[in-house]
Amino acid sequence: KGRSTTRLVATQKMRAGMIQGLRGQANAPTVRGKVVDDIQHPGWRVQSVQSALGVVGFVFEGRPNVLADATGVLRGGNTVVFRIGRDALGTAISIMDLALRPALRSSGLPEDSVSIIAHEDHSAGWALFSDPRLSLAVARGSGAAVATLGSLAAQSGVPVSLHGTGGAWLITDESTDPDFFESVVQRSLDRKVCNTLNTCCILKDKAAELLPRLFNALSAAAEPQERSFKCHVRAGDEGLIPEDLRTKEVMIHRASGAVKEKQVTLIQSDKLGTEWEWEKSPEITICIVSSFEEALDLCNTHSPQFVASLVSEDPDQHQSFFSKVNAPFVGNGFTRWADGQYALNCPELGLSNWENGRMLARGAILSGNSVYTLRYRMQQEDPSVQR
């Protein structure tokens, strides 16, 4: 009964988010035909005009809310084709039949401006992303499947927006406030999504003060789930971890069920960026660093180059952090803010990290209004003008 109630609450929350996002799309001004620049010349002018990009392909597995969010590309005059995984396909088809197609008909838009490839096989997604008629390929998820889709699109000359590996990094320095730090950690671990805190770098000189706060926050995050937390500590740093935690065995809730594990295990430096896909048991990596510069270097080297947060009271340190850390989402507090609808008040079609490099002329939040191309329109006012 308790599990069913939790599922129902999660479903209602997702539905409320979908409704909020769709209303936001309906009320947002369209970018189609928007003049973003107007260059005046004697007797003539050139305007830069936002225009439809074309056909956008989406591949995602288990989140049917993406179907609602991604229809935002219609606002710019685009069309969209979905390939949806087995878990969400039935829900997506119901949304199409009961809500989306009737809405398209009533608005006068072609029903086929949004379509679903109703095949569960992964090969359907591979075929879609290999089609050069796509103007943009968007893959939601992470891991090897997304990397494969990205490679297929790239081989076909199709621009891609990939999620890649998730997991946020948090860094401390000499001026870190312990109370704020504890609050930040707890509020970055409410549930496991891509922007959840994954790796925490604690300054060695502050370890005696901050480690107890870290474990307090982990316990507080695990308490609502009635679970224990799990930590991975960089090999060589374990001496600063309390012995009772290092030797303690706890029940950790995995996708396959609850299993007994050591609460603290060791991890090598080259694995610091491993994204922990936890279920009910908050799970993070802890790294003790000798300096802010070491933490910054580790983040740039081993993180997925996604979300980075510095908890510091030093404005100069924050400026240095923002200029040097290689991440599209940079903050000074909780990591869970990196979300299009939450942060920018627009339905999010996907987040991108910088594992495969920075994106040309756009941010890492893909929204309906950011799927466009630019065209140039010349208007001649003086008939005597010539080159």
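All of the points below concern the structure found in this document. It should be emphasised that the depicted structure is a prediction, and the values quoted were computed from it without experimental measurement. (Residues numbered from 1 in each chain as written. Predicted model: local features only at pLDDT ≥ 70, side-chain atom pairs only at ≥ 80, totals over all residues. Heavy atoms only, no water.)

1. Considerations on the overall build of the protein chain
- Each helix and strand in the protein chain was counted, giving 11 helices and 19 strands.
- C-alpha atoms of the protein chain, sized along the principal axes, occupy 85 × 55 × 35 Å.
- Split into buried and exposed, the 387 residues of the protein chain put 45% on the buried side.
- Contacts spanning at least 24 positions in sequence make up 69% of the contacts within the protein chain whose residues lie at least 6 apart.
- Carbon and sulfur atoms provide 50% of the accessible area of the protein chain, an area that totals close to 19500 Å².
- The protein chain carries 40 positive and 43 negative side-chain charges, and their two centres are separated by 7 Å. (Helix = DSSP H or I, 4+ residues; strand = E, 2+ residues; numbered from the N terminus. Buried < 20%, exposed > 50% of the residue type's maximum accessible area, 1.4 Å probe, protein only. Contact = heavy atoms within 4.5 Å. Areas by Shrake-Rupley, 256 points an atom, 1.4 Å probe, with all protein chains shown as cover. Lys, Arg positive; Asp, Glu negative; His and termini not counted. Charge placed at Lys NZ, Arg CZ, Asp CG, Glu CD.)

2. Quick look at the layout of surface pockets
- What the second largest pocket holds in volume is close to 500 Å³.
- In this structure, the second largest pocket is lined by 17 residues; those nearest its centre are Leu360, Ala361, Arg362, Ser370 and Tyr372.
- Of the residues that constitute the lining of the second largest pocket, the class distribution is 12 nonpolar, four polar and one charged. (1 Å grid on protein atoms, 1.4 Å probe; cavity = no way out; pocket = protein on both sides within 12 Å on 5 of 7 lines; lining within 4 Å. Points joined across faces, edges and corners; volume = space filled by probe spheres on them. Nonpolar A, V, L, I, M, F, W, Y, C, P; charged D, E, K, R; others polar.)

3. Description of the side chain of threonine 71
- Looking at the secondary structure, you find threonine 71 in the loop between helix H2 (65-70) and strand S4 (79-84).
- Setting aside chain neighbours within four positions, we find threonine 71 in contact with Leu22, Leu100 and Val114.

4. Things to note about the pattern of salt bridges
- Taken as a whole and judged by the stated rule, the model has 15 salt bridges.
- Between arginine 133 and aspartate 131 there is a salt bridge, and its shortest N-O distance comes to 2.8 Å.
- One salt bridge connects glutamate 275 with lysine 192, and the closest N-O pair in it is separated by 2.9 Å. Here lysine 192 lies in the loop between helix H6 (178-187) and strand S9 (197-203) and glutamate 275 lies in the loop between strand S13 (264-267) and strand S14 (283-289), a separation of 83 residues in the sequence.
- The class of glutamate 275 is buried, set by a relative accessible area of 15%.
- Owing to a relative accessible area of 16%, lysine 192 belongs among the buried residues under this scheme. (Salt bridge = Lys/Arg side-chain N within 4 Å of Asp/Glu carboxyl O.)

5. Some details on helix H9 (residues 292-302)
- Those residues of H9 lying buried are Phe292, Ala295, Leu296, Leu298 and Cys299. Buried residues along H9 cover an arc of 160 degrees about the axis, so they all sit on one side.
- Summarising the contacts, the buried residues of H9 are in contact with strand S8 (168-172), S9, strand S10 (230-234), S14, strand S15 (307-311) and helix H10 (315-324). (Arc of directions from axis to C-beta.)

6. Observations concerning the packing of aromatic side chains
- Inspection of every chain in the model, using the stated rule, returns seven aromatic pairs.
- On the numbers, 5.6 Å between centres and 35 degrees between planes, the contact of phenylalanine 58 with phenylalanine 82 is tilted. Taken together, the positions of phenylalanine 58 in strand S3 (residues 55-60) and phenylalanine 82 in strand S4 put the pair 24 residues apart, joining distant regions of the chain. Per residue, the accessibility class of phenylalanine 58 equals that of phenylalanine 82, and both read buried.
- Judged by centre distance (5.6 Å) and plane angle (85 degrees), the ring pair of phenylalanine 306 and phenylalanine 329 falls under edge-to-face. With phenylalanine 306 in the loop between H9 and S15 and phenylalanine 329 in strand S16 (residues 329-331), this pair connects stretches of sequence that are 23 residues apart. (Phe/Tyr/Trp six-rings, centres within 6.5 Å; stacked < 30°, edge-to-face > 60°.)

7. Let's talk about the pairing of strand S1 (residues 35-41)
- Bridge analysis of S1 against strand S2 (residues 44-51) gives six bridges, and the strand direction is antiparallel. Each bridged residue has a counterpart across the sheet, and for valine 35 the counterpart in S2 is valine 49.
- Counting the residues between successive antiparallel strands, the hairpin from S1 to S2 contains two residues, one of them, glycine 43, with a positive phi of roughly 85 degrees. (Pairing = 2+ DSSP bridges.)

8. Focus on the packing of H9 against H10
- Interaxial distance between H9 and H10 falls to 11 Å at its minimum, and their mutual angle equals 25 degrees. Taken together, the axes of H9 and H10 are roughly parallel relative to one another. With respect to the hand of their crossing, H9 and H10 are arranged in right-handed fashion. Each of Phe292, Leu296 and Asn300 in H9 lies in contact with H10, whose residues at this interface are Gln317, Ser320, Phe321 and Lys324.
- Considering only residue class, the contact of H9 with H10 consists of three nonpolar, three polar and one charged. (Axes fitted to C-alpha atoms, helices over the stretch in contact; angles between N-to-C directions. Parallel < 35°, antiparallel > 145°, perpendicular 65-115°, else oblique. Left-handed = near helix turned anticlockwise from the far one by under 90°.)

9. Overview of the pairing of S10
- Most of S10 is tucked away: five of the five residues are buried.
- Both faces of S10 are covered, namely the face carrying Lys230, His232 and Arg234 and the face carrying Cys231 and Val233.
- Bridge analysis of S10 against S14 gives four bridges, and the strand direction is parallel. Looking at S14, one finds that valine 233 is bridged to isoleucine 286.

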